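Residue-level listing of the chains:
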Protein chains: 2
Amino acid sequence: MSQSLTIALAQHNFLVGDISGNSQRIAESAQQAQQQGAQLVVFSELALTGYPPEDLLLRPSLQLRVEEALQQVAAASHNIAIAVGFPWREQGKLYNCAGVWYQGECLGRYAKQCLPNYQVFDEQRYFATGDQPCVIDLLGHRIGLTVCEDVWHQGPVEQSVAAGAELILNLNASPFHLGKHGERLTLLQQHARSQNVALLYVNQVGGQDELVFDGGSFAVAADGERVLQMPSFSESMALVNYHSGQLQAVSAQSAEPDSELASLYQALVLGVRDYVNKNRFKGVLLGLSGGIDSALTLAIAVDALGAERVQAVMMPFTYTSGMSKEDAAEQADTMGVRYQSISIEPMYREFMAALAGEFAGLPVDTTEENLQSRCRGVLLMAMSNKSGYMVLTTGNKSEMAVGYATLYGDMAGGYGALKDVYKTKVFALAEYRNSLSPVIPQRVIDRPPSAELAPDQKDEDSLPPYPVLDAILERYIERDMSAEAIISAGFTRDDVLRVLRLVDVNEYKRRQAPIGVRVTQRGFGRDRRYPVTNGWKAGI
Amino acid sequence: MSQSLTIALAQHNFLVGDISGNSQRIAESAQQAQQQGAQLVVFSELALTGYPPEDLLLRPSLQLRVEEALQQVAAASHNIAIAVGFPWREQGKLYNCAGVWYQGECLGRYAKQCLPNYQVFDEQRYFATGDQPCVIDLLGHRIGLTVCEDVWHQGPVEQSVAAGAELILNLNASPFHLGKHGERLTLLQQHARSQNVALLYVNQVGGQDELVFDGGSFAVAADGERVLQMPSFSESMALVNYHSGQLQAVSAQSAEPDSELASLYQALVLGVRDYVNKNRFKGVLLGLSGGIDSALTLAIAVDALGAERVQAVMMPFTYTSGMSKEDAAEQADTMGVRYQSISIEPMYREFMAALAGEFAGLPVDTTEENLQSRCRGVLLMAMSNKSGYMVLTTGNKSEMAVGYATLYGDMAGGYGALKDVYKTKVFALAEYRNSLSPVIPQRVIDRPPSAELAPDQKDEDSLPPYPVLDAILERYIERDMSAEAIISAGFTRDDVLRVLRLVDVNEYKRRQAPIGVRVTQRGFGRDRRYPVTNGWKAGI
């Protein structure tokens, strides 16, 4: 009869493209796991390259680098088995593989069978499809390998069990979106019960461009019970013990899933932190307007990087209210960030003087509003260029959707914390953040939103109230509902047609928007690929 | 024995998403073909939606719209058979189909078997794979259907012949890149000879965002002879006659392929024209600097839209040479476009004054250069907002590659004519354009390139000479060669490592660049999907 097996789940934050750095990390982590008593350590999908490596997978030298890295993995496997994900080329085809090394030898290599090619995923651009299960023998235990999407279908798990697996490893690179954690758990519990097999779900953690991977690795026994839940949004290692079909956590570690708002906030913080740190920016800079978007962005930035790496600039103009100036200064003071105020009045005046001839006789329109916004963008970018601090943009998903933002103005910057957060969620998040400690002046949350680009302007002068706007947007963007279907759901024809048209005609702005954290099932990044030139008209 | 069959090849410019407009166009065109004596008219791939429809294919109402449009096609088929491409959903799966309607009935529907999912193509994101040939009987002739990529493989053509096809229709949406026309012809000639079958290649024409479809439809007889060559870069219809295995052109129409430079120039002109017109801009506006990029862009704009829809603005500063001002004014005058000069000195001065405290004690660096560029960007965008003229950007591929451009400065605008044209090709194109009629002052072509953002600045002060730079870039970007491989090809290690590093670290700029015409096999759009956050280091 076989001995019990102690297995470490290693939930790490890898750097995409840094194959030698990642393999070194894997070797070090394997040694730690071994010191803690593990005989097997499991890493995430494509741990060697980080996920998603995108077109780096097309580079001819990829295989050479992977081979070098796998030698390092093999060398680290003398006293502990290592399960790891990596790309592998064979007979001219590239596969998304999981393999196990032990005592310097490869015990088995599995090629992912279900390659996601939807939403943000392009795996069929890179990978050929595997068609075989892989069950290895390790110290008398039959262990099956699967990769991410494989467990979202029936085939691979069934195959693996049919091939004798009593325990299945599932290596993941599964990005966060709201509610996804529960979906994963339910799915694996169903597999466990229907196939009478234990499963270990190991996910990477960390921000990579627009994606945030939340970790949240877990283990499910063959009866469907979750015996281990690892934390979300941070690196972690935890051990389980497997013996005679029984799976149990080695220590009593268990992380209760956070509330939806808490998860969302942590995702935004991690997204910002990793983008800034992995790209080696000294810190961030943002325009603080006295409005709620920049207030929440400032809170996220400080939580991500610490106050000393965050700088806020108020750039007032004629239409900036006293309230806005007071609230901005107050929040900067509360949060302890460097703060200054620079008026855009002199530059604005010179631009208008230079354009006086061109604009003579023409009515004031959004041109003048955009000009204010662009003066601010130029100031922030100049400060950024000189200091090496990256500009964080403050726009939210509602604005990005309807184009209520100025290209090269408030859209100027390297990264957007709120890019995939609807305005109604911005309010909820501000309240949530203040519930931890009061950092955003209550008046910022309570007053009606305004871009303050014209006298007495309110967002609701040009847009439906945000609860209505966001409800329409969510139906159109995330659920692909048609105009008629949304109208039938109880919205006015005028609102629906106007909002859908704004979404459609503003694709050109989104194409030039900075990337930002994705937290929904359809963000405005790799997720949504709409033509700019587009004759589709809203209707059925 | 069957009668002879007269077939029209209809090479059209459809608008993506405008399904009802496109089907109306198809019906009208079918009527014209019938009046010219055709019994069958062949349109391009996904003619109903235009190509590529991207995520419009995910909209639930797509099928309803396609069904309506196909009723219109069926109604138009009473006196002429119509072969057309369209998306079709069946049993929950969407297929990229070609079908033939005649006398109101569908004679057959073929589902594309080879779905490209590389370069700019994402067809596996949308479509399921067909697995059957489709050969229809039309007036006693056995006609096989294939779609685009199908003929780049052996299977579908062989299948179709095995199923009895004597003539194969190939419906395409094949974007232009340099040299592609010859590849297509060779490929179809090989199929014809090896399978003893005649083939009709019908391609769409027109610009769609970054893609330009060049048309260039043709017909190949079973002995491999090209019996018809339709023009590139313009809409066209032509007739062939098929009888007892023989294929011949009805009229002696034959368009000789243009030279490489002529093709390239026409692609750029068509890309700009269609982007501007399909998006209904009144015209375009560009910054004319006296340099070669903006000079060539102006020529392209005028050739695309006519002088009356083009406006040029010189925005001088301290470092702008007298030569630049003279040459810009001269070209604008030669080409008959509205021209004005607006100094950026007053705004620049105010920005620097406002930033004096922030910048105190810090050395002058690229911040000040970027600031000049951004003052120009703000001016152009203000004029654009007020007038409804779109800003054309003037940057070339060499600059986009190494980040020799200012975000929100010279990169501000809606569309880039030269985005995928290396600087060395910019020179060649300027000479080519002047060979048609002299529009670019010779001095603009002859003087050393300079951004004129600092005293006596030359591009070659910070970059290798363009012939060297472009040769390195082409190897890295289009051929995926590693640093070591490029060095071995005869470039200095310093140059190669510096250039590759610049390409890698400037991905963030390209992400926010306007779209522009793609003319190579790897443009900086949908073609090249690199992570911004990227630990890959140049080396092997």
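Cut-offs applied
- Numbers given for residues are sequential positions, taken from 1 along each chain in its written order.
- To read the labels, note that chains go from A and ligands from 1, taken in the order they are written.
- Local features are withheld for residues below a pLDDT of 70 in this predicted model, meaning they are given only at 70 or higher, and side-chain atom pairs are given and counted only at 80 or more; totals for whole chains, interfaces and linings count all residues.
- To obtain the side-chain values, all non-hydrogen atoms of the structure were included, while hydrogens and water were left out.
- UniProt positions are given in the numbering used here, feature names are shortened, and annotations may be inferred rather than shown by experiment.
- Helix and strand definitions here come from DSSP, where helices need a minimum of 4 consecutive H or I residues and strands a minimum of 2 consecutive E residues; each element is numbered from the N-terminal end.
- Note on exposure labels: buried denotes an accessible area under 20% of the residue type's maximum, exposed denotes more than 50%, and partly exposed covers the range between, all computed with a 1.4 Å probe on protein chains only.
- Here, two residues are considered to be in contact whenever any of their heavy atoms come within 4.5 Å of each other.
- We get accessible surface area from the Shrake-Rupley algorithm with a probe of 1.4 Å; when it comes to residues, only the shown protein chains can shield them.
- His residues and chain termini do not enter the charge count, which takes Lys and Arg as positive and Asp and Glu as negative.
- Charged side chains are reduced to one point each, which is NZ for Lys, CZ for Arg, CG for Asp and CD for Glu.
- Detection works on a 1 Å grid of protein atoms alone, calling trapped sets that fit a 1.4 Å probe cavities and calling open sets with protein on both sides within 12 Å along at least five of seven lines pockets, with lining residues defined by an atom within 4 Å of a point.
- Grid points are joined across faces, edges and corners, and a volume is the space filled by probe spheres set on the points.
- Following the grouping adopted for this structure description, the nonpolar residues are Ala, Val, Leu, Ile, Met, Phe, Trp, Tyr, Cys and Pro, the charged ones are Asp, Glu, Lys and Arg, and the polar ones are all others, Gly among them.
- Strand pairing is assigned whenever DSSP detects at least two bridges linking the two strands.
- Here a polar contact means two N or O atoms within 3.5 Å. Within protein one must be a hydrogen donor candidate and the other an acceptor candidate, and residues neighboring in sequence count only if both atoms are side-chain atoms.
- Angles run from 0 to 180 degrees between N-to-C directions of axes, and those axes are lines fitted to C-alpha atoms, restricted for helices to the stretch in contact.
- Here the bounds of each domain stem from an automatic or database domain assignment.
- By convention, the term buried area covers the 1.4 Å-probe accessible surface removed from two parts as they join, with the contributions of both added.
- When a carboxyl oxygen of Asp or Glu is within 4 Å of a side-chain nitrogen of Lys or Arg, the pair counts as a salt bridge.
- Each copy is superposed on the other by least squares, with the fit set by C-alpha atoms of residues at a pLDDT of at least 70 in both.

Named according to an unreviewed UniProt entry, chain A is Glutamine-dependent NAD(+) synthetase originating from Thalassolituus hydrocarboniclasticus. Checking UniProt for chain A, the heading Catalytic activity (unreviewed entry) contains the comment "deamido-NAD(+) + L-glutamine + ATP + H2O = L-glutamate + AMP + diphosphate + NAD(+) + H(+)".

**Q** Got a minute to help me understand the overall build of chain A in this structure?
**A** If you tally the helices and strands in chain A, you get 19 helices and 21 strands. Its C-alpha atoms give chain A principal-axis dimensions of about 90 × 50 × 45 Å. Scored against the burial criterion, the 540 residues of chain A give a buried share of 65%. Put simply, of all contacts in chain A between residues at least 6 apart along the chain, 72% involve residues at least 24 apart. A total accessible area of about 18300 Å² is found for chain A, and carbon and sulfur atoms account for 49% of it. Taking the average place of the 46 positive charges on the side chains of chain A and the average place of its 61 negative ones, the gap between the two points comes to 4 Å.

**Q** Hey, could you run me through empty space enclosed by the protein in this one?
**A** In this approach the atoms are scanned with a rolling probe the size of a water molecule, which exposes any empty space left behind. Under the criterion given, the structure shown has 13 cavities of 30 Å³ or more. What the largest cavity holds in volume is close to 590 Å³. Taken together, 29 residues form the lining of the largest cavity, with Arg511, Gly525 and Arg526 of chain A together with Arg511 and Arg526 of chain B sitting closest to its centre. Of all the secondary-structure elements, those providing two or more residues to the lining of the largest cavity are helix H19 (507-511) of chain A together with helix H19 (507-511) of chain B. A class-by-class count of the residues in the lining of the largest cavity yields nine nonpolar, three polar and 17 charged.

**Q** Would you explain the pairing of strand E9 (residues 198-203) of chain A in this entry?
**A** Regular strands place their side chains on alternate faces of the sheet. Residue and element names in this part refer to chain A. For E9, a buried count of six out of six residues is recorded, marking the element as mostly surrounded by other parts of the structure. The side-chain alternation of E9 yields two buried faces, one formed by Ala198, Leu200 and Val202 and the other by Leu199, Tyr201 and Asn203. Across six bridges, the pairing between strand E8 (residues 167-172) and E9 is parallel. Counted as the bridge partner of leucine 169 is leucine 200 from E9.

**Q** Can you walk me through the UniProt feature "binding site: L-glutamine" (unreviewed entry) in chain A in this structure?
**A** UniProt records the feature "binding site: L-glutamine" (unreviewed entry) for Tyr118, Ser174 and Lys180 of chain A in the present numbering. Tracing the backbone through its elements, the reader meets tyrosine 118 of chain A in the loop between strand E5 (105-111) and helix H3 (123-126). Excluding residues that lie within four positions of it along the chain, tyrosine 118 of chain A makes contacts with Glu149 of chain A together with Arg125 of chain B. Once residues within four sequence positions are removed from consideration, serine 174 of chain A is found in contact with Lys180, Arg184, Tyr201, Asn203, Phe213 and Asp214 of chain A. One polar contact links serine 174 of chain A to lysine 180 of chain A, side chain to side chain, over a distance of 3.1 Å.

**Q** Help me understand the sheet that holds strand E3 (residues 81-90) of chain A in this model?
**A** What holds strands together in a sheet is hydrogen bonding between their backbones, with the strands either parallel or antiparallel. Residue and element names in this part refer to chain A. One open sheet holds the seven strands; their spatial order is E5-E4-E3-E2-E1-E14-E15, and the pairing between them is mixed. Two strands in the sheet have a free side with no partner beyond their single neighbour: E5 and strand E15 (246-249). Going from strand to strand, the sheet's axes swing by 30° on average, the running direction of each strand aside. In terms of strand pairing, E3 meets strand E4 (residues 93-102) through nine bridges, oriented antiparallel. Bridge pairing links tryptophan 88 to tyrosine 95 in E4. Where helix H2 (residues 62-75) meets the sheet, it contacts E3 and E4, and its direction lies at approximately 160° from that of E3.

**Q** Explanation requested: the sheet that holds strand E7 (residues 141-147) of chain B in the structure shown.
**A** Residues and elements named next belong to chain B. Reading across from one edge, E6-E7-E8-E9-E12-E13 is the order of the six strands in this open sheet, with mixed pairing throughout. Because the sheet does not close on itself, it has two edges, and the strands there are strand E6 (135-138) and strand E13 (226-229). The average undirected angle you get between the axes of adjacent strands in this sheet is 20°. Of the strands in this sheet, E6, E7 and strand E8 (167-172) are in contact with helix H4 (residues 155-162), which crosses E8 at around 145°. In this fold helix H5 (residues 180-195) packs onto strand E9 (198-203), strand E12 (218-220) and E13, with an angle of close to 30° to the strand it touches most, E12.

**Q** Explanation requested: the domain arrangement of chain A in the structure shown.
**A** Bring the parts together and some accessible area is lost; that lost area is often taken as the interface size. Residue and element names in this part refer to chain A. Examined at the domain level, chain A breaks down into domain 1 (8-253) and domain 2 (262-459). One C-alpha centre belongs to domain 1, the other to domain 2; they are set 40 Å apart. In this assembly, 14 residues from domain 1 lie in contact with eleven residues from domain 2. Buried surface at the junction of domain 1 and domain 2, summed over both partners, amounts to about 960 Å²; 65% is from carbon and sulfur atoms. Summed over the shared surface of domain 1 and domain 2, the number is zero salt bridges. Per-element accounting of the side of domain 1 that touches domain 2 gives the leading share, three residues, to strand E10 (residues 205-208). When the residues that make up the side of domain 1 that touches domain 2 are grouped by side-chain class, the tally is eight nonpolar, four polar and two charged.

**Q** It is not clear to me how the interface of chain B and chain A should be interpreted in this structure. Could you clarify?
**A** Each partner contributes to the interface: chain B provides 90 residues, whereas chain A provides 91 residues. Between chain B and chain A, the buried area comes to about 7700 Å², and carbon and sulfur atoms account for 55% of it. Summed over the three residues of chain B that lose the most area to chain A, namely Arg59, Lys386 and Trp536 of chain B, the buried surface amounts to 12% of that side. Here chain B is connected to chain A by 16 salt bridges. Of the charged contacts, one joins aspartate 480 of chain B and arginine 59 of chain A as a salt bridge, the two residues approaching to 3.4 Å between their closest N and O atoms. Taken together, chain B and chain A are joined by 51 residue pairs in polar contact (both at pLDDT 80 or more).

**Q** Would you explain the environment of leucine 355 of chain A in this entry?
**A** Position of leucine 355 of chain A relative to the elements: it lies in the loop between helix H9 (345-354) and helix H10 (356-359). Judged by its relative accessible area of 0%, leucine 355 of chain A is buried. Note: C-alpha distance between leucine 355 of chain A and alanine 47 of chain A (308 residues apart in sequence) is 55 Å. Apart from the residues within four sequence positions on either side, leucine 355 of chain A is in contact with Ile342, Leu379, Ala382 and Met383 of chain B.

**Q** It is not clear to me how the relation of the copies chain B and chain A should be interpreted in this structure. Could you clarify?
**A** Relating one copy of the chain to the other takes a rotation about an axis and a shift parallel to that axis. Once chain B is rotated about the relating axis by 180° and shifted along it by 0.0 Å, it coincides with chain A to within an RMSD of 0.0 Å. What the rotation and shift describe, once combined, is the action of a two-fold rotation axis. If distances are taken from each C-alpha of chain B to the rotation axis, the shortest is found for glutamine 512 of chain B, at 2.1 Å. Comparing interface residues between copies, 100% of those in chain B also lie at the interface in chain A; the contact surface is shared.

**Q** Honestly, the pattern of salt bridges in this entry has me stumped. Any pointers?
**A** Close approach of charged atoms allows side chains of opposite charge to pair. All names here are of chain A. In total, this model carries 70 salt bridges over all chains according to the counting rule given. One salt bridge in this structure joins glutamate 123 and lysine 112, with 3.0 Å as the shortest N-O distance. With glutamate 123 in helix H3 and lysine 112 in the loop between E5 and H3, this pair connects stretches of sequence that are eleven residues apart. Given a relative accessible area of 3%, glutamate 123 falls into the buried group.

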